[in-house]
Amino acid sequence: MATTLADSIERIRQEHGKKLVRFGAVSAFNVLFGQALLYAAQTVLDMPPVQANVVTVAVGTIPAYVLSRYWVWQKKGKNHWMKEVLPFWVLTFIGFLLSTAAVWYVADRWDPAPIFINLTSLVAFGVVWVAKFVILDRILFKTEDAAQAA
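What counts and what doesn't
Within any chain, residue numbers begin from 1 and follow the written order of that chain's sequence. Restriction of local features to residues with pLDDT of at least 70 applies here, the model being predicted, together with a cutoff of 80 or more for giving and counting side-chain atom pairs; totals for whole chains, interfaces and linings are based on all residues. Just so you know, side-chain values use all the structure's heavy atoms and leave hydrogens and water out. The numbering of helices and of strands both runs from the N terminus, where a helix is a DSSP run of H or I of at least 4 residues and a strand a run of E of at least 2. Buried residues are those whose accessible area, probed at 1.4 Å on protein chains only, stays under 20% of the maximum for their type, while exposed residues exceed 50% and partly exposed ones sit between those limits. Between two residues, a contact is recorded if the distance between any of their heavy atoms is within 4.5 Å. Geometry of aromatic contacts follows a simple scheme: Phe, Tyr and Trp rings, the Trp one being its six-membered ring, pair when their centres are within 6.5 Å, and the pair is stacked under 30 degrees between planes, edge-to-face over 60, tilted otherwise.

K.L.:
Looking at this structure, I do not really get the overall build of the protein. What am I missing?
P.N.:
In terms of regular secondary structure, the protein is built from six helices and zero strands. Sequence-ordered secondary structure for the protein, helices as α and strands as β, is α-α-α-α-α-α. Put simply, the protein has 150 residues, and 35% of those count as buried. Restricting to contacts in the protein with at least 6 residues of sequence separation, those with at least 24 account for 68%.

So this is what it looks like as structure tokens:
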């Protein structure tokens, strides 16, 4: 029997529904927090766009990791530097590189208002969102449920 799109969506919802909702909530918090930091760094601290983006990503990674590990994937116990922390930061660094390149490009070409720098950063990070969930779920914070579903 062929699997329909509706069947696939239902299977994903059953296997990952609550986790996806929590990941979405953490992502929404991180976006709001990061966008507020980025805007404040540009307007209050008068940082250039690329420097503001660097500071924003560096500061924002800390709550992103903590909320992801402990609330989304509900991992307990000791953090594993090589298995969790470093790979999480590498994923964040990829998003950072993409967002910084995009911010630099937009700032260099058009000298836009800070809100357009925010939108550029937001779109760039959005590009890696789904891939990040899959990597975090299947590799970094893999649980027995995820191992059995694979």
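K.L.:
What exactly am I supposed to notice about the packing of aromatic side chains here?
P.N.:
Tallied over the entire structure, the rule returns four aromatic pairs. On the basis of an interplanar angle of 10° and a centroid distance of 5.7 Å, the ring pair of F29 and F33 is categorised as stacked. With F29 and F33 both in helix α1 (residues 5-43), this residue pair falls four residues apart, about one helical turn. Taking relative accessible area as the criterion, F33 reaches 29% and is therefore assigned partly exposed. Measuring from centroid to centroid gives 5.8 Å for Y105 and W110, while their planes differ by 80°, and the two rings are edge-to-face. Since its relative accessible area comes to 38%, Y105 is described here as partly exposed. Accessibility expressed as a relative area gives 55% for W110, which makes it exposed.

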